[in-house]
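# Report on the structure
Each chain is listed here by its residues.
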Amino acid sequence: MTVVSLIEKLSKDHKLSAQEFEFLLTHQSSENAMLLAKAADQVRREIYGNQVYFRGLIEISNFCKCDCLYCGLRRSNHNCDRYRMSEAEILQCCESGYQLGFRTFVLQGGEDAFFTDAVMCDLIRKIKHNYPDCAITLSLGERSKESYQMLFEAGADRYLLRHETANPAHYARLHPSNQLFDNRMAYLNTLKQIGFAVGCGFMVGSPYQTTADLVRDLLFIQEYQPDMCGIGPFIPQKDTPFADFPAGSIDLTCYLLSILRLMMPNLLLPATTALGTLRQNGRELGLCSGANVIMPNISPPANRKKYIIYDGKHSDRAETAEGLEELKKRVAAIGYQIVTDRGDKKI
Ligand code: 5AD
């Protein structure tokens, strides 16, 4: 077994065995990373050309009933200054986002009981009415099957729910005992059945994560076949139980992005904010490794300061025309082009 032969196999069959993934992950070197990134970029260009899709991320609430040990929005964090956007504020964000060229709005928030099915469905219908050419992505955590169904029928197109880790024992170390791995997996299946384009994902370098865990993540993704996959390095947040754990690695994140691209050539793969937070050009590295999506935050800056999932969170100022222009230039400088498009998965 060699990394070169595995890259060839992955490019051809789009799948590997546990042993083969493990070999790839344990032979991470800058040379092998370059080979993988080159192959991934080629595959991505065959399908998406040099296009990068951008999504307007609106962080609608930082109230959360969950207590994930890694997340700054966890309910036990009393230092988190809570806010929730009004419907008018959210619609205003969509309006200015639309003017700037965004054609997907990602409504993301903690698990906040204020956003009932009635409130969300109303909001989704209004956004769809105003912008029928736009896609709506939801990222609101775990809800009932009935709720997901209603949100879908109201017009939501996509749903992001990271699986966080495909190893149940690891999941249990990252979450309190009332947050269950089996529920998370069941919800991911439900979302797919309902008809959403679904995104799963995980943190790279989360506390206690082993190479075997990452192999399980890759095998899970290979089997689940998501439409999107969000991966980014773990970054400690000072008010959480994981404050003293080290951040995940940018290089390993990029290595995994390349593997994911080869595994699923048409996957919508974001270069995440967490990558851009750890290093100034982190997201550019992600794009060069196979990512094809960027999700700039278009929430009001005052709220953004409070949405502290992890410390030092990067912001592009992409809610302003100047900030967005700057981002477009940065992406153009590495040979890609941000395009105004819903950015659906190409089949
Ligand atoms: N570092 C990096 N990513 C994090 N997330 C939550 N906390 C952190 C952190 N400290 C990710 C999780 C979650 C999403 C909202 O953000 O994967 O699903």
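Before any of the text, the structure's been laid out above.
Everything in this summary refers to the structure shown in the same document. Bear in mind that the values here come from a model prediction, so they are computed numbers and not experimental data. Here the residue numbering is sequential within each chain, running from 1 through the sequence in written order. Selection of residues for local features in this predicted model requires a pLDDT of at least 70, selection of side-chain atom pairs for listing and counting requires 80 or more, and totals for whole chains, interfaces and linings are taken over all residues. Each side-chain value is derived from all of the structure's non-hydrogen atoms; neither hydrogens nor water enter the calculation.

Turning next to the sheet that holds strand β9 (residues 337-339). If DSSP finds at least two bridges between two strands, the strands pair. Put simply, DSSP marks the helices as runs of H or I at least four residues long and the strands as runs of E at least two long, and each gets a number from the N terminus on. The sheet built from three strands is open, its strands ordered β8-β1-β9 with parallel pairing. Because the sheet does not close on itself, it has two edges, and the strands there are β8 (293-294) and β9. Looking at chain direction, strand β1 (residues 51-54) and β9 are connected through three bridges and run parallel. The residue bridging Val52 from the neighbouring strand is Ile338, located in β9.

Let's shift gears to the packing of helix α2 (residues 18-26) against helix α10 (residues 250-263). The geometry of α2 relative to α10 is characterised by a closest axis approach of 11 Å and an angle of 145° between their N-to-C directions. Here α2 and α10 pass one another in a crossing that is right-handed. From α2, Phe21, Leu24 and Leu25 reach across to α10, where they touch Leu252, Tyr255, Leu256, Ile259 and Met263. In this classification, Asp, Glu, Lys and Arg are treated as charged, Ala, Val, Leu, Ile, Met, Phe, Trp, Tyr, Cys and Pro as nonpolar, and every other residue, Gly included, as polar. Here the contact of α2 with α10 is composed, by residue class, of eight nonpolar, no polar and no charged. Here the axes come from fitting lines to C-alpha atoms, over the contacting stretch only for helices, and the angles between their N-to-C directions go from 0 to 180 degrees. If you view the pair so one helix is near and one far, a crossing is left-handed when the near helix is turned anticlockwise from the far one by less than a right angle, and right-handed when it is turned clockwise. For this analysis, residues touch if any pair of their heavy atoms sits within 4.5 Å.

Okay, empty space enclosed by the protein next. Lining residues are defined by having an atom within 4 Å of a point belonging to a cavity or pocket. Those points lie on a 1 Å grid over the protein atoms alone, cavities being sets where a 1.4 Å probe fits but cannot get out and pockets being open sets with protein on both sides within 12 Å along at least five of seven lines. Grid points are joined across faces, edges and corners, and a volume is the space filled by probe spheres set on the points. In total, this model carries two cavities of 30 Å³ or more according to the counting rule given. For the largest cavity, the calculated volume is near 1000 Å³. Secondary-structure elements contributing two or more residues to the lining of the largest cavity are β2 (56-61), β3 (104-109), β4 (135-139), β5 (158-160), β6 (197-204), β7 (228-233), α11 (273-278) and β8. Residue contributions to the lining of the largest cavity peak at five residues, all from β7. Its residues placed into classes, the lining of the largest cavity shows 28 nonpolar, eleven polar and ten charged. If you trace the second largest cavity, you find it lined by Leu57, Glu59, Thr273, Arg283, Met295, Pro296, Asn297, Lys313, His314, Ser315 and Asp316. Its residues assigned to classes, the lining of the second largest cavity shows three nonpolar, four polar and four charged.

Okay, the pattern of salt bridges next. Each salt bridge in this description consists of a side-chain nitrogen of Lys or Arg and a carboxyl oxygen of Asp or Glu lying within 4 Å of one another. Applying the stated criterion across every chain yields a total of 23 salt bridges. For Glu142, the salt bridge is made with Arg184, and the minimal N-O distance between the two is 2.9 Å. One end of the pair, Glu142, is in the loop between β4 and α6 (145-154); the other, Arg184, is in helix α8 (residues 181-194), and 42 residues separate them in sequence. Each member of the pair, Glu142 together with Arg184, is buried. A salt bridge links Lys238 to Asp239; the nearest nitrogen and oxygen atoms lie 3.1 Å apart. When accessible area is computed with a 1.4 Å probe and restricted to protein chains, residues below 20% of their type maximum are described as buried, those above 50% as exposed, and intermediate ones as partly exposed.

We now examine helix α5 (residues 117-130). Residues that lie three or four places apart on an α-helix share one face, since the helix turns once every 3.6 residues. In this model α5 runs 20 Å from its N-terminal to its C-terminal C-alpha over 14 residues, within 8% of the 20 Å that 1.5 Å per residue would give. Along α5, the residues classified as buried are Met120, Cys121, Leu123, Ile124, Ile127 and Lys128. What you see down the axis of α5 is that its buried residues fit within an arc of 165°, all on one side. Set apart from the buried face of α5 by more than 90 degrees, the exposed residues are Ala118 and His129. Residues of α5 that are buried make contact with β2, α4 (87-100), β3, β4 and α6. To estimate how far a helix should extend, the number of its residues minus one is multiplied by 1.5 Å. Note that the arc is defined by the directions from the helix axis to the C-beta atoms.

What follows deals with the layout of surface pockets. Its boundaries defined by the atoms lining it, the largest pocket holds a volume of some 270 Å³. For the largest pocket, the lining is made up of 15 residues, of which Ala33, Met34, Asp251, Cys254 and Ser289 are closest to its centre. At the level of elements, α3 (30-48), α10 and α12 (282-288) are the ones that each hand at least two residues to the lining of the largest pocket. Take the lining of the largest pocket: its biggest share by element is five residues, from α10. The residue makeup of the lining of the largest pocket, split by class, is eight nonpolar, five polar and two charged.

Taking burial as the measure, the eight residues of β6 include seven buried ones, the bulk of the element. Relative to β7, β6 runs parallel, the two being bridged by six bridges. Each bridged residue has a counterpart across the sheet, and for Phe202 the counterpart in β7 is Ile231. Crossover handedness is defined here as right-handed if the route from the first strand over the helix to the second strand goes clockwise, with the strands pointing away from the viewer. This β-α-β element, β6 to helix α9 (residues 211-224) to β7, shows right-handed connectivity.

With respect to topology, six strands assemble into an open sheet ordered β2-β3-β4-β5-β6-β7, the strand pairing being parallel. Two strands in the sheet have a free side with no partner beyond their single neighbour: β2 and β7. Pairs of neighbouring strands in the sheet enclose a mean axial angle of 20°, with direction left out of account. Note: β5 against β6, three bridges, orientation parallel. Bridged to Leu160 within β6 is Gly199. Sitting on the sheet, α8 is in contact with β5 and β6, with an inclination near 150° to β6.

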